[in-house]
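# Observations on the three-dimensional arrangement
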Amino acid sequence: MERKSDKKTGFFATLQQSPSTDEFIKGLWRENAVFVQVLGMCPTLAVTNSATNAIAMGLATTFVLLMSNMLVSSLRNFIPKQVRIATYILIIATFVTVADYVIQAISLDVHKSLGAFIALIVVNCLILGRAEAFASKNTIGKSFLDGLGMGLGFTFALLCLGVVREILGSGTLFGIPFFPANFQEWVIMILPGGGFFTLAAWLLIFNWAKQRKKKVVQLDNKEIAA
Amino acid sequence: MEKSAPKLLLTSSPFLKQQEDTPAVMRQVIFSLIPAILAGIYYFGISGILVIAASIAGAVGTEWIYLIGTKKKFNSIKDNTALLTGLLLALTLPPGIPLWMAFLGGIVAIALGKLIFGGIGSNIFNPALVGRAFLQASFPVALTTWSPISDFSGITQLRGHTFALPFVQSKIDAITAATPLSQMKFDSHLTELTHLFFGSSAGSLGETGAIFLLLGGIYMVLRNYINWRIPLGVFFMVIIFASVLHGVDPVKFAPASFHLFSGGLMLGAIFMATDPVSSPITHKGCWIFGMGIGFLVVLIRTFGGLPEGVMYAILLMNGVTPLINRVTQPPIYGYVKSKN
């Protein structure tokens with residue numbers, strides 16, 4: 001991976017400079033699934049109406065992503081090119097079924113509130129995208145780190161949306177009252193419209209932060225040149 | 001040699017220059033709303049003034065912060081559009097609404113309804129209605145709690161929860177009244193036409209008196225600020241559709257006159273649908289646009305879950321405006337359709 005500025009120091013910089021840990025770090029921020037790649041919009045908008053749902057969905061997706069990445073990577077030399085997508089879907093569906101039953105065993109309430117969206121992890125383009133673009137071309141170790149990073153980045157993004165929507169939409173956080181009594185709920189934040197508004201606001205913040213960072217890097221380069 | 005006034009001026013087009021710019025037009029629209037505002041203040045007292053002030057403060061304040069943040073040289077507060085948006089939003093709100101909600105509505109109307117699309121002239125939906133739709137979806141109870149009317153004796157009385165603290169549900173019981181539309185929808189009770197005409201019925205701040213809005217509308221049509229085809233198209237379709245329904249079952253469906261003068265139809269048809277930015281540009285398109293709104297209004301009012309549907313009707317037709325523009329594009333001058 002090529003870096004824009006090579007005079008970085010500190011913990012994160014040393015981590016990033018080693019190529020294998022970079023596979024992990026990139027999913028968290030630089031290539032974040034939701035905020036940068038804008039993948040997996042269906043669960044992002046549909047199940048983030050509370051922070052609990054967001055975390056459950058994020059972790060389930062992380063599990064499926066991790067396992068399917070590893071399996072696809074280990075089988076990458078045996079899968080015929082012509083049927084690879086079907087094979088990936090089959091592998092993903094297996095782990096989605098596992099996740100479905102595990103969530104049912106842990107909490108039936110969460111399972112009910114996530115509804116059909118657990119089964120829909122199968123067609124989450126983030127997972128299929130990582131299998132096609134990364135796991136089928138890299139070693140198991142790298143695919144593991146990539147899946148973990150992408151999954152945690154996805155969970156982080158869902159949590160960002162879920163926290164805002166739950167606080168404004170029902171006045172609670174993880175089910176615990178966040179405001180003093182008599183809070184006037186903004187019902188729209190629980191509805192689909194609120195999901196779009198919140199996602200747009202977060203994308204705005206992230207793009208703004210990214211542009212600022214770019215400017216700083218450009219200024220640094222100019223100073224070095226001068 | 002003495003310089004004389006030139007006998008012949010040679011310039012390129014345009015030769016006729018309009019003296020009126022956007023701020024002047026917006027000012028005139030605001031002037032033509034004055035009868036409706038005065039009627040609202042007469043019927044709903046000091047609460048009406050406060051709601052209008054809060055909504056305008058939210059709208060103009062957002063525009064002002066945007067101007068500071070983006071360091072634009074062009075001062076878009078001075079063109080009065082934010083002021084008009086805030087005013088129109090306030091006129092569609094119930095008079096007893098908490099002030100912080102009116103303020104929030106003003107912010108949303110300008111931020112989500114206008115600035116996000118690129119400011120004046122670029123919005124696809126009517127900003128004031130975007131603000132109201134947001135409030136309606138967020139606070140369905142507060143937006144459907146209507147205060148009863150009174151006359152000058154009650155001008156200092158506050159209605160409803162005007163001074164409720166932000167983000168707090170108000171627990172005080174306020175006197176409420178049903179609007180003519182909800183009486184019709186849920187009790188099949190028809191309000192007398194004179195009440196609807198002069199605004200002596202419960203409802204939103206600026207939409208109860210049809211006559212006051214018509215006065216403003218006629219002024220604007222005479223000064224050519226709005227395209228008269230849009231409101232006429234709305235009225236035409238409402239009359240036809242409602243008359244047909246009334247003819248089928250006179251007990252269940254209200255007559256056309258009731259639909260015409262009740263609720264926000266006058267305000268919507270004259271002041272909201274005619275927004276020059278979000279309505280079609282061709283005359284034929286304006287007819288289609290207006291008639292579509294009229295059809296949707298009666299459809300939502302009689303068969304929908306809500307008693308009032310003007311807001312959604314206009315927003316839906318705003319969304320169709322680009323398509324209407326494309327379909328009704330007039331042929332190029334001199335263009336002959338090929339026979340094949």
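Please read these numbers as outputs of a predicted model, since none were measured by experiment.

## Looking at the overall build of chain B
In terms of regular secondary structure, chain B is built from 13 helices and zero strands. Along its sequence from the N terminus, chain B presents helices and strands in the succession α-α-α-α-α-α-α-α-α-α-α-α-α. Relative to the globule expectation of 20 Å for 340 residues, the C-alpha radius of gyration of chain B, 22 Å, shows essentially globular dimensions. Across the 340 residues of chain B, 49% fall into the buried class. For chain B, restricting intrachain contacts to residue pairs at least 6 apart in sequence, the fraction spanning at least 24 positions comes to 75%.

## As for the interface of chain B and chain A
Taken together, the contact pairs nine residues of chain B with nine residues of chain A. When the residues that make up the side of chain B that touches chain A are grouped by side-chain class, the tally is six nonpolar, two polar and one charged.

## Section: the nonpolar core
Ranked by size, the top nonpolar core spans 99 residues in total, and within it V51(B), A90(B), A102(B), L129(B), V238(B), I293(B) and I314(B) carry the most contacts. At eleven residues, the largest contribution of residues to this core is made by helix α2 (residues 34–70) of chain B. With residues up to four places along the chain from it excluded, the contact list for V238(B) reads A256(B), H259(B), L260(B), L265(B), G294(B), V297(B) and V298(B). Core analysis: the second largest hydrophobic core is formed by 37 residues, A51(A), V96(A), L126(A) and C160(A) among them.

## Quick look at the packing of α2(B) against helix α8 (residues 210–222) of chain B
Residue and element names in this part refer to chain B. The contact between α2 and α8 brings their axes to 7 Å, and the two run at 160°. Compared by their axis directions, α2 and α8 come out roughly antiparallel. Relative to α8, the crossing made by α2 is right-handed. Residues P35, A36 and A39 of α2 form the contact with α8, whose own contacting residues are F212, L213, L215 and G216. Grouping the amino acids of the contact of α2 with α8 by side-chain chemistry returns six nonpolar, one polar and no charged.

## Details of the confidence of the model for chain A
Of the residues in chain A, 91% reach a pLDDT of 70 or more, and the chain-wide mean stands at 85. Of the regions scoring below 50 in pLDDT, residues 1–6 of chain A engages in five contacts with residues more than four places distant in sequence or in other chains.

## Some points on the environment of G106(B)
Residues and elements named next belong to chain B. Of note, G106 is situated in helix α4 (residues 99–111). Counting along the chain gives 45 residues from G106 to G61, while the straight-line C-alpha distance between them is 8.7 Å. Leaving out residues up to four positions away in the same chain, G106 has contacts with S55, I56, A57, G58, A59, T62, G86, L89 and G131.

Calculation rules
Residues numbered from 1 in each chain as written. Chains lettered and ligands numbered in written order. Predicted model: local features only at pLDDT ≥ 70, side-chain atom pairs only at ≥ 80, totals over all residues. Helix = DSSP H or I, 4+ residues; strand = E, 2+ residues; numbered from the N terminus. Rg over C-alpha atoms; globule rule 2.2 N^0.38 Å. Buried ≥ 20, exposed ≤ 12 C-beta atoms within 10 Å, placed from the backbone. Contact = placed C-beta atoms within 7 Å. Nonpolar A, V, L, I, M, F, W, Y, C, P; charged D, E, K, R; others polar. Core = buried A, V, L, I, M, F, W, Y, C linked by C-beta atoms within 7 Å. Axes fitted to C-alpha atoms, helices over the stretch in contact; angles between N-to-C directions. Parallel < 35°, antiparallel > 145°, perpendicular 65-115°, else oblique. Left-handed = near helix turned anticlockwise from the far one by under 90°. pLDDT = per-residue confidence, 0-100.

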